[in-house]
Amino acid sequence: MIDKRYMERALALAEKGVGWTSPNPMVGAVIVKEGRIIGEGYHARYGALHAERMALQACQESPEGATLFVTLEPCSHYGKQPPCVDAIIEAKIAEVVVGAPDPNPLVSGRGVKILRAHGIEVTEGVLREACERLNEVFMHYITCKTPFVVMKTAMTLDGKIACYTGASRWVTGEMARNEVQMLRHRYAAIMVGVGTVLRDNPRLTCRMEGGKTPLRVICDSRLRTPLDAYVVETAPEVPTVIATASNDEEKRCRYEAAGCRVVVLAGADGRVNLEKLMEWLGREGIDSVLLEGGGTLNWAALQAGVVHKVVSYVAPKFFGGSEAKTPVEGQGVATPLEVVSLKIQAVRQVGEDVCIESEVVGCSQALLKKSVTS
């Protein structure tokens, strides 16, 4: 009988690589012999040793005849590192327990097949759901070549992101705000609309100690971002992209001279085509986007069908106000049949607030049709 505790340990190890392995997956590995852990490892950073090889190097005794627990199917191809299946075979591991299959076309079952061909017993699918969720970014990007988009919202219990005056500091508590810095570290890019820039002049950096600041993406259809905005003034230090629908060459040159990269991706409605933007970011190697937009951009992203996950921080307070801003605005849907459907994955308390993580399971065809024809 498989002891799932070892896979749980491998998952915990894999989490240590959060924010650093992109575009590779996070992977953890545990080597067990006679009921004892003799080696552990994880993929710490892109280009570094893979989890299996790190675990083998860390072994306190010979791994011959041992069982390897690994969260993702071992690789079978050459990349920054040689194939992990070769190291497993050379170490004379007797059994490999795999959490999730690797959807990478270069692997995709080949790793397991090679191990079995060399007489190694392989058990698949142990804590598969947890292993796949750990690498939801990788699983999406490796197959779709577009970023995995996470919409982050922070709101009161009555669904407001600011008071009717526009004041918004602070909606949530300190623990929730600190957790958002971890999200900025975790994902490859952060995206907001020009309205957020004009209203808040945000830094859009990761302020977590030892954290990684993501690429900044500003959706600015008419190039209204001020040249003295923080995101423009710091563009030489923090890579910043302005996505626009404007062909104003003079304005574009000013932003580029300031250090920004400007990409023109106009939609039929005269606004930034978010689907094309995601395709462009994917080609640039950006595997994930944290969407911290206001209600207008959030609605546009949902309507375009580019959002895959929603992380909502809800504070136990009321702002009230019919004119107070909400996380998702725009025109909205005409009937409940046009709803954007979510599947709740997790609900947990963060300080005095509650965090709800949800998967976007689909937009109605009516809503998507409106997006295409608007």
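Look up: the structure comes first, before these words.
Residues numbered from 1 in each chain as written. Predicted model: local features only at pLDDT ≥ 70, side-chain atom pairs only at ≥ 80, totals over all residues. Heavy atoms only, no water.

Visitor: Just to check I follow, could you spell out the sheet that holds strand S5 (residues 121-123) for this structure?
Guide: Whenever strands of a sheet pair, they do so through backbone hydrogen bonds, lying parallel or antiparallel. Taking strand neighbours across the sheet as the criterion, the five strands line up as S2-S1-S3-S4-S5 in an open arrangement whose pairing is mixed. Where the open sheet ends on each side, the last strands, each with one partner, are strand S2 (36-42) and S5. Geometrically, the sheet is characterised by an average inter-axis angle of 20° between neighbouring strands, direction not taken into account. Pairing analysis gives six bridges linking strand S1 (residues 28-33) to S2, with the strands arranged antiparallel. The residue bridging Ile-31 from the neighbouring strand is Gly-39, located in S2. Docked against the sheet, helix H1 (residues 4-14) engages S1, S2, strand S3 (67-72) and strand S4 (95-100), running at close to 145° with respect to S1. (Pairing = 2+ DSSP bridges. Helix = DSSP H or I, 4+ residues; strand = E, 2+ residues; numbered from the N terminus. Axes fitted to C-alpha atoms, helices over the stretch in contact; angles between N-to-C directions. Contact = heavy atoms within 4.5 Å.)

Visitor: What exactly am I supposed to notice about a nonpolar patch on the surface here?
Guide: A surface patch of nonpolar side chains, about 260 Å² in accessible area, is lined by Ile-344, Val-347 and Val-354. Here Val-354 is to be found in strand S14 (residues 353-363). Residue class for Val-354 comes out partly exposed when judged on its relative accessible area of 31%. (Patch = residues over 30% accessible without salt bridge, like charges linked within 9 Å, V, L, I, M, F, W, Y side chains within 5 Å. Areas by Shrake-Rupley, 256 points an atom, 1.4 Å probe, with all protein chains shown as cover. Salt bridge = Lys/Arg side-chain N within 4 Å of Asp/Glu carboxyl O. Buried < 20%, exposed > 50% of the residue type's maximum accessible area, 1.4 Å probe, protein only.)

Visitor: Any chance you could explain the packing of aromatic side chains here in plain terms?
Guide: A ring pair, where both rings are aromatic, is described by two values, the distance of the centres and the angle of the planes. Under the criterion given, the structure shown has one aromatic pair. Taken together, a centroid distance of 5.2 Å and an interplanar angle of 50° make the contact between Tyr-6 and Phe-69 tilted. Taken together, the residues Tyr-6 in helix H1 and Phe-69 in strand S3 connect sequence positions 63 residues apart. Just as Tyr-6 is buried, Phe-69 falls in that class too. Here Arg-45 stacks its cationic end above the ring of Trp-20, 4.2 Å away from the centre of that ring. (Phe/Tyr/Trp six-rings, centres within 6.5 Å; stacked < 30°, edge-to-face > 60°. Lys NZ or Arg CZ within 6 Å of the ring centre and 35° of its normal.)

Visitor: Any chance you could explain empty space enclosed by the protein here in plain terms?
Guide: Over the atoms a probe the size of a water molecule is rolled, and this reveals where empty space is left. For the structure shown, the criterion picks out one cavity of 30 Å³ or more. Here the largest cavity is characterised by a volume of approximately 180 Å³. The wall of the largest cavity is formed by 19 residues, among which Thr-21, Met-26, Val-137, Arg-186 and Asp-287 lie closest to the centre. Sort the elements by how many residues they give to the lining of the largest cavity and helix H6 (residues 136-144) lands first, with three residues. Split into classes, the residues belonging to the lining of the largest cavity amount to nine nonpolar, seven polar and three charged. (1 Å grid on protein atoms, 1.4 Å probe; cavity = no way out; pocket = protein on both sides within 12 Å on 5 of 7 lines; lining within 4 Å. Points joined across faces, edges and corners; volume = space filled by probe spheres on them. Nonpolar A, V, L, I, M, F, W, Y, C, P; charged D, E, K, R; others polar.)

Shape descriptors only; they carry no functional weight alone.
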